[in-house]
Amino acid sequence: MEGTVDGFRYGAVTPVAAYLMACLGGALGLRCIVRSLLNARSWKPGWLALGAASIGCGIWTMHFIAMTGFHVEETRVRYDAATTVLSLVVAVAVVGVGVFIVGYRGPGRVTLAVAGVVTGLGVAAMHYLGMAAMRLHGDVGYDPVGVVLSVLIAIAAATAALWSAVTIRGLLTSLGASLVMGVAVSGMHYTGMAAVSVHVHDTTGGTWEGESPLSLLLPMLLGPVVFLLLAGVVVMFDPLLVHGERAGNRNPAPHPGPTAGARSANAVPAPRTSWHDTDSPARRR
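If you're wondering where the values come from, they're calculated on a predicted model, not measured in any experiment.

**Q** I keep staring at the environment of Arg-9 and nothing clicks. Help me out?
**A** Tracing the backbone through its elements, the reader meets Arg-9 in the loop between β1 (5–6) and α1 (13–38). Taking the relative accessible area as the measure of exposure, Arg-9 reaches 47% and is therefore partly exposed. In this structure Arg-9 touches Gly-69 and His-71, once residues within four positions along its chain are discounted. Side chain to side chain, Arg-9 and His-71 meet in a polar contact 3.5 Å long.

Take a look at the structure:
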């Protein structure tokens, strides 16, 4: 029989919390990518890796916070720990591929298109791999139209995020882009969830492997959340990353003119004469 699916068991708590985590991961990731572009002498691979990990952790955390509100009336829902962890690895790795492509090849149209498709497919793979981690007394089905639409939204969101990362420099504009990114990622998730249907098995007995959502997801979510907070500390205490290009222009070259010329004259070392030299017996002779 068809199960009664409810994606909002705790009301607006899980969607709002999931959206905020997606925004946090997006904001940190975008600023880290900007940081790698602002200063050629900075350690670009490190900043790009931190940005990719921030975006990937934000998307993964958003997905599983939202999934704590997923409920099927006729059966309990559990999760396989190994598949859940694998979905996190996929999210960070594939987002990293897209971020490194854009970080090293720039914002060209072809580059953005390729990186956006790769990253978007990775986000969608993370979503459906996370769904495959579910264990319940039934079979999970998907509406093909909803699946295709969710994948297209993921690609569009990833492309827009990467474009923002290599185009937008200001702090406030980056924050605005992260809010839009959070909407897109959340929209992708709930579009995919709207395509879900569950056919519950007739049997009601028996047990199956897996952990309950709260006992598994809450401890596992703690690690990515702590990582995002630490990444936020790195962002907050990096002046160039916070202020953008302004931090790189704090010491502009002096404007040529009398003042600069006077400074240049003053900068020339004085002749090596002193009262010892002028008053020495040798000089008096």
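**Q** What exactly am I supposed to notice about helix α6 (residues 171–194) here?
**A** Two residues of an α-helix separated by three or four positions point the same way, owing to the 3.6 residues in each turn. In a regular helix each residue adds 1.5 Å, so 24 residues correspond to 34 Å; α6 covers 35 Å between its end C-alpha atoms and thus fits that length. Every buried residue of α6 is listed here: Ser-174, Ala-177, Ser-178, Met-181, Gly-182, Val-185, Ser-186, Met-188, His-189, Thr-191, Gly-192 and Met-193. On its buried face, α6 is in contact with α1, α2 (44–67), α4 (109–132), α5 (144–167) and β6 (196–200).

**Q** Would you explain the packing of aromatic side chains in this entry?
**A** Describing an aromatic ring pair means giving the distance of the ring centres and the angle of the ring planes. In total, this model carries 5 aromatic pairs according to the counting rule given. Judged by centre distance (4.9 Å) and plane angle (50 degrees), the rings of Trp-60 and Phe-64 are tilted. Of this pair, Trp-60 and Phe-64 both sit in helix α2, 4 residues apart, which is roughly one turn of the helix. With respect to burial, Trp-60 and Phe-64 carry one shared label: buried. Residues Phe-64 and Tyr-79 carry aromatic rings whose centres are separated by 6.2 Å and whose planes lie at 75 degrees to one another, so their mutual orientation is edge-to-face. Residue Phe-64 is located in helix α2, and its partner Tyr-79 is located in strand β3 (residues 78–79); the two are separated by 15 residues in the primary sequence. Assessed through its relative accessible area of 0%, Phe-64 is described here as buried. On the basis of relative accessible area, Tyr-79 is assigned to the buried category, the value being 0%.

**Q** Whenever I open this one, α5 confuses me. Can you help?
**A** Counted at 1.5 Å a residue, the expected span for α5 with its 24 residues is 34 Å, and the 34 Å between its end C-alpha atoms agrees. Considered for burial, the residues of α5 that qualify are Gly-146, Ser-150, Val-151, Ala-154, Ile-155, Ala-157, Ala-158, Ala-161, Leu-162, Ser-164, Ala-165 and Val-166. Those residues of α5 hidden inside the fold are in contact with α1, α3 (81–105), α4 and α6.

**Q** What exactly am I supposed to notice about the pairing of β6 here?
**A** Side-chain positions along a regular strand alternate between the two faces of the sheet. The side-chain alternation of β6 yields one buried face, formed by Val-196, Val-198 and Val-200, and one unburied face, formed by Ser-197 and His-199. With 5 bridges joining them, strand β5 (residues 138–142) and β6 adopt antiparallel strand pairing. From the neighbouring strand, Tyr-142 faces β6, where its bridge partner is Val-196.

**Q** I'm lost on the packing of α1 against α5 in this one. Help?
**A** For any two helices packed against each other, the geometry is given by the interaxial angle and the distance between the axes. Interaxial distance between α1 and α5 falls to 8 Å at its minimum, and their mutual angle equals 40 degrees. Judged on the interaxial angle alone, α5 and α1 are oblique. In this structure, α1 meets α5 at a crossing whose hand is right-handed. Residues Leu-30, Ile-33, Val-34 and Leu-37 of α1 lie in contact with α5, whose contacting residues are Ala-161, Ser-164, Ala-165 and Val-166. Split into classes, the residues belonging to the contact of α1 with α5 amount to 7 nonpolar, 1 polar and no charged.

The rules we used
Residues numbered from 1 in each chain as written. Predicted model: local features only at pLDDT ≥ 70, side-chain atom pairs only at ≥ 80, totals over all residues. Heavy atoms only, no water. Helix = DSSP H or I, 4+ residues; strand = E, 2+ residues; numbered from the N terminus. Buried < 20%, exposed > 50% of the residue type's maximum accessible area, 1.4 Å probe, protein only. Contact = heavy atoms within 4.5 Å. Polar contact = N/O pair within 3.5 Å; in protein donor to acceptor, adjacent residues only side chain to side chain. Expected span 1.5 Å × (residues − 1). Phe/Tyr/Trp six-rings, centres within 6.5 Å; stacked < 30°, edge-to-face > 60°. Pairing = 2+ DSSP bridges. Axes fitted to C-alpha atoms, helices over the stretch in contact; angles between N-to-C directions. Parallel < 35°, antiparallel > 145°, perpendicular 65-115°, else oblique. Left-handed = near helix turned anticlockwise from the far one by under 90°. Nonpolar A, V, L, I, M, F, W, Y, C, P; charged D, E, K, R; others polar.

That's the geometry; what it means functionally is another story.
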